[in-house]
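Observations on the model geometry
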Amino acid sequence: MGNRAAIDTVYRISGLARMFGLSRSTLLYYDRIGLLRPSERSRANYRLYSHADCKRLEKICRYRRTGMSLETIADVLAASRKKTVSALERRLEALNREIHDLRSQQQTIVELLKDKSLLAGTRVLDKKRWVAVLRDVGLDDAAMGRWHVAFERMSPEAHQDFLESLGIGAAEIAEIRSWSAENSD
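Remember, predicted model here, so these are calculated numbers, not experimental data.

Right, let's get into the environment of tyrosine 46. Tracing the backbone through its elements, the reader meets tyrosine 46 in the loop between β2 (40-41) and β3 (47-49). Residue classification places tyrosine 46 among the partly exposed residues on the basis of a relative accessible area of 43%. The contacts of tyrosine 46, once residues within four sequence positions are left out, are Arg12, Glu40 and Arg41.

As a further point, take the nonpolar core. Ranked by size, the top nonpolar core spans 19 residues in total, and within it Leu16, Leu27, Tyr30, Leu36 and Leu57 carry the most contacts. Here this core gets 5 residues from one element, more than from any other, and that element is helix α4 (residues 51-65). Apart from the residues lying within four places of it in its own chain, the contact partners of leucine 57 are Leu16, Phe20, Leu22, Leu27, Tyr30 and Leu36. In terms of nonpolar packing, the next biggest core, distinct from the first, is built from 8 residues, Leu134, Leu163, Ile173 and Ile176 among them.

Every buried residue of helix α2 (residues 13-20) is accounted for by Ile13, Leu16 and Ala17. One face of α2 carries all of its buried residues, which in axial projection span an arc of 100°. Contact partners of the buried residues in α2: β1 (11-12), α3 (24-32), β3 and α4. Within two residues after α2, glycine 21 carries a phi angle of roughly 65°, on the positive side.

With that settled, the discussion passes to unusual backbone geometry. A positive phi is found at asparagine 45, a non-glycine position, where the angle reads about 70°. The topology assignment puts asparagine 45 in the loop between β2 and β3.

Evaluation of the coordinates by the stated rule reveals 7 salt bridges. Here glutamate 98 makes a salt bridge to arginine 91, at a shortest N to O gap of 3.3 Å. Since its relative accessible area comes to 38%, glutamate 98 is described here as partly exposed. Arginine 91 sits in the buried class, given a relative accessible area of 18%. Aspartate 141 is the salt-bridge partner of arginine 135, the closest N and O atoms lying 2.6 Å from each other. The partly exposed category is assigned to arginine 135, whose relative accessible area is 42%. One continuous salt-bridge network, built from bridges that share partners, spans Asp31, Arg37 and Arg47.

What counts and what doesn't
Residues numbered from 1 in each chain as written. Predicted model: local features only at pLDDT ≥ 70, side-chain atom pairs only at ≥ 80, totals over all residues. Heavy atoms only, no water. Helix = DSSP H or I, 4+ residues; strand = E, 2+ residues; numbered from the N terminus. Buried < 20%, exposed > 50% of the residue type's maximum accessible area, 1.4 Å probe, protein only. Contact = heavy atoms within 4.5 Å. Core = buried A, V, L, I, M, F, W, Y, C linked by side-chain atoms within 4.5 Å. Arc of directions from axis to C-beta. Salt bridge = Lys/Arg side-chain N within 4 Å of Asp/Glu carboxyl O.

The following block contains the structure:
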């Protein structure tokens, strides 16, 4: 019987907006662009949203948290599972590029300010600080080499991203990755 109550539940626009922490105008906009239309209208012409509409809005909000555009979300909601996966993978790739670009911007600002101590206030490590951390936990050169080999074997793209995040130049990264691949078991 409890499941039947969820099916019969009808939400008015203000209640639905409150449930999801959205403004009423956001839901009106979603209706206007066809992203979320109410299932029914009351006799007084109020928008009435069903449990299924609520579930659709839940998906919309979840996709919005990924940074997807409303247009992409509309496509994803209408698409097959395969196309949804593809859209999410494209978004993940875009986020990886954005993160890389933001880290580069942080490093450039620190360089422009000529104050390496500012790195402590960021989430950026430079090569020197990372090596110091590894040495502090007892890794010698051979252990650091094994670490690179394992990282390259398990996740080459993440290894590349990590090395870039340390502010290491492209030539040195290529050298580290090449060495790591050659020394893999």
